[in-house]
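Single-letter residue listing:
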Amino acid sequence: MKISNIIGSLMHLYLDEIEPGEGTDAPEFLIKATANILKQKGGRNWLPVIVKETGEDKYQVISNSFVYAVAEEAGLERVWCIIADDSDDTTTLTKILAGEDKPKINLSTASRDEIMAALQYLIEQPNSELKSVKLAVATNRIDEAPRLYWKNFEPITSLKCGITKGKKLDAIKSVFYLTPQSMPDTINDVTILRTMTTVELKAIAKKRGIAGITKMKKDALIEALS
């Protein structure tokens, strides 16, 4: 059967035809306890495993890995699966839908509400690195910053919003990503200029023909360019 004919199909596959893929990091207790319940309640996994076809009668788990581990622990001969295509986008999406991966928001273009929701999520996590961050302050300062041009997340640490380098900034990276646009040739906005490095500022100043830039520090460069 062609792969295109089975994508999206619910199939009852033999367990020995399926490779576990990345597997699950669920505690052994949860796997064993759930496997016991599965056997007691009829041995049918009502939540299907999501797999992709890797060859003739060969498949690999791409999400719902916990269900696969439980079925294996329960000693099931066959497990109900949905066949997905083998694209990276499908794997990413199914993992997010299954709660196995965390979705990320594009900080370059995110709305204020999206930024606030993501920060609130991080702040409310157990043992959060951002528990001391003031939600309204951080939201406003990130929203008003020239995020569209950020090449990395370092500028956040200059916004005085409670997010510093290290674990706090790493937490931000876990829910956001960036798609930076190129800086315009002429920049007069002080807010944007402050997000740039001294080397970048000197390069712009040189293009503009500003004299004496060699010995200028960042504040002087920003003043000359603004």
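First things first, this report covers the structure right here in the doc. All values reported here derive from a predicted model rather than from experimental measurement.

**Structural notes on the pattern of salt bridges**
Inference 1: Per the stated rule, a full pass over the model turns up six salt bridges.
Inference 2: When the shortest N-O distance is used, the salt bridge between Lys95 and Glu22 registers 3.6 Å. Note that Lys95 is positioned in helix 4 (residues 88-97) and Glu22 in the loop between strand 2 (18-19) and helix 2 (28-40), a separation of 73 residues in sequence.
Inference 3: Connected through salt bridges with shared partners, the residues Glu28, Lys32 and Glu73 form a single ionic network.

**Looking at the packing of helix 5 (residues 112-123) against helix 6 (residues 135-144)**
Inference 1: It is the contact of helix 5 with helix 6, at a shortest axis distance of 9 Å, that shows an interaxial angle of 140 degrees. By the angle between their directions, the pair helix 5 and helix 6 is classed as oblique. The handedness of the crossing between helix 5 and helix 6 is right-handed. Note on element contacts: helix 6 touches helix 5 through Leu135, Ala138, Thr139, Asn140, Ile142 and Asp143, opposite Arg112, Ile115, Met116, Leu119, Gln120 and Ile123.

**Observations regarding the packing of aromatic side chains**
Inference 1: Throughout the structure, instances matching the rule amount to zero aromatic pairs.
Inference 2: Sitting over the ring of Trp46, Arg44 keeps its end group 4.4 Å from the ring centre.
Inference 3: One Lys or Arg, Arg78, reaches over the ring of Tyr14 and ends 4.5 Å from the middle of that ring.

**Let's talk about the nonpolar core**
Inference 1: In terms of nonpolar packing, the biggest core is built from 24 residues, with Leu107, Ile156, Ile163 and Ile172 touching the most fellow members.
Inference 2: Only helix 5, helix 6 and helix 7 (167-173) provide two or more residues apiece to this core.
Inference 3: Tallying contributions element by element places helix 5 first for this core, with five residues.
Inference 4: Beyond its immediate stretch of four places on either side in the chain, Ile156 contacts Leu107, Ile142, Trp150, Cys161, Ile163, Leu169 and Ile172.
Inference 5: The next biggest cluster of nonpolar side chains, apart from the first, holds 22 residues, and it includes Leu38, Val70, Ala74 and Ile83.

**Overview of the environment of Ile172**
Inference 1: In this fold, Ile172 is placed in helix 7.
Inference 2: Once the C-alpha coordinates of Ile172 and Ile31 are considered, the two residues, 141 residues apart in sequence, prove to be 31 Å apart.
Inference 3: Not counting chain neighbours up to four residues away, the residues in contact with Ile172 comprise Leu119, Leu122, Leu130, Phe153, Ile156 and Ile163.

**Quick word on the environment of Pro155**
Inference 1: Among the structural elements, Pro155 can be located in the loop between helix 6 and helix 7.
Inference 2: Each C-alpha atom, one on Pro155 and one on Met196, is 8.1 Å from the other, the two residues being 41 residues apart in sequence.

**Observations regarding helix 10 (residues 218-225)**
Inference 1: Buried residues of helix 10: Leu221, Ile222 and Leu225, and no others. Along the long axis of helix 10, the arc covered by the buried residues comes to 100 degrees, so they all point the same way. Facing away from the buried surface of helix 10 by more than 90 degrees, the exposed residues are Asp219 and Glu223.

**Some details on helix 4**
Inference 1: For helix 4, the set of buried residues is Thr90, Thr91, Thr94 and Lys95. Along the long axis of helix 4, the arc covered by the buried residues comes to 130 degrees, so they all point the same way. Facing away from the buried side of helix 4 by more than 90 degrees, the exposed set consists of Asp88, Asp89 and Leu97.
Inference 2: In this fold, the buried residues of helix 4 make contact with strand 3 (49-55), strand 4 (58-63) and strand 5 (78-84).
Inference 3: Residue Gly99 follows helix 4 closely and has a positive phi angle near 75 degrees.

**Digging into the sheet that holds strand 5**
Inference 1: On the basis of which strands lie adjacent, the open sheet formed by five strands has the order 1-5-3-4-2 and mixed pairing. Of all strands in the sheet, those bounded by a partner on one side alone are strand 1 (10-14) and strand 2.
Inference 2: Relative to strand 5, strand 1 runs antiparallel, the two being bridged by five bridges. Each bridged residue has a counterpart across the sheet, and for Leu10 the counterpart in strand 5 is Ile82.
Inference 3: Packed on one face of the sheet, helix 4 meets strand 3, strand 4 and strand 5 and runs near 50 degrees to strand 4.

Calculation notes
- Residues numbered from 1 in each chain as written.
- Predicted model: local features only at pLDDT ≥ 70, side-chain atom pairs only at ≥ 80, totals over all residues.
- Heavy atoms only, no water.
- Salt bridge = Lys/Arg side-chain N within 4 Å of Asp/Glu carboxyl O.
- Helix = DSSP H or I, 4+ residues; strand = E, 2+ residues; numbered from the N terminus.
- Axes fitted to C-alpha atoms, helices over the stretch in contact; angles between N-to-C directions.
- Parallel < 35°, antiparallel > 145°, perpendicular 65-115°, else oblique.
- Left-handed = near helix turned anticlockwise from the far one by under 90°.
- Contact = heavy atoms within 4.5 Å.
- Phe/Tyr/Trp six-rings, centres within 6.5 Å; stacked < 30°, edge-to-face > 60°.
- Lys NZ or Arg CZ within 6 Å of the ring centre and 35° of its normal.
- Core = buried A, V, L, I, M, F, W, Y, C linked by side-chain atoms within 4.5 Å.
- Buried < 20%, exposed > 50% of the residue type's maximum accessible area, 1.4 Å probe, protein only.
- Arc of directions from axis to C-beta.
- Pairing = 2+ DSSP bridges.

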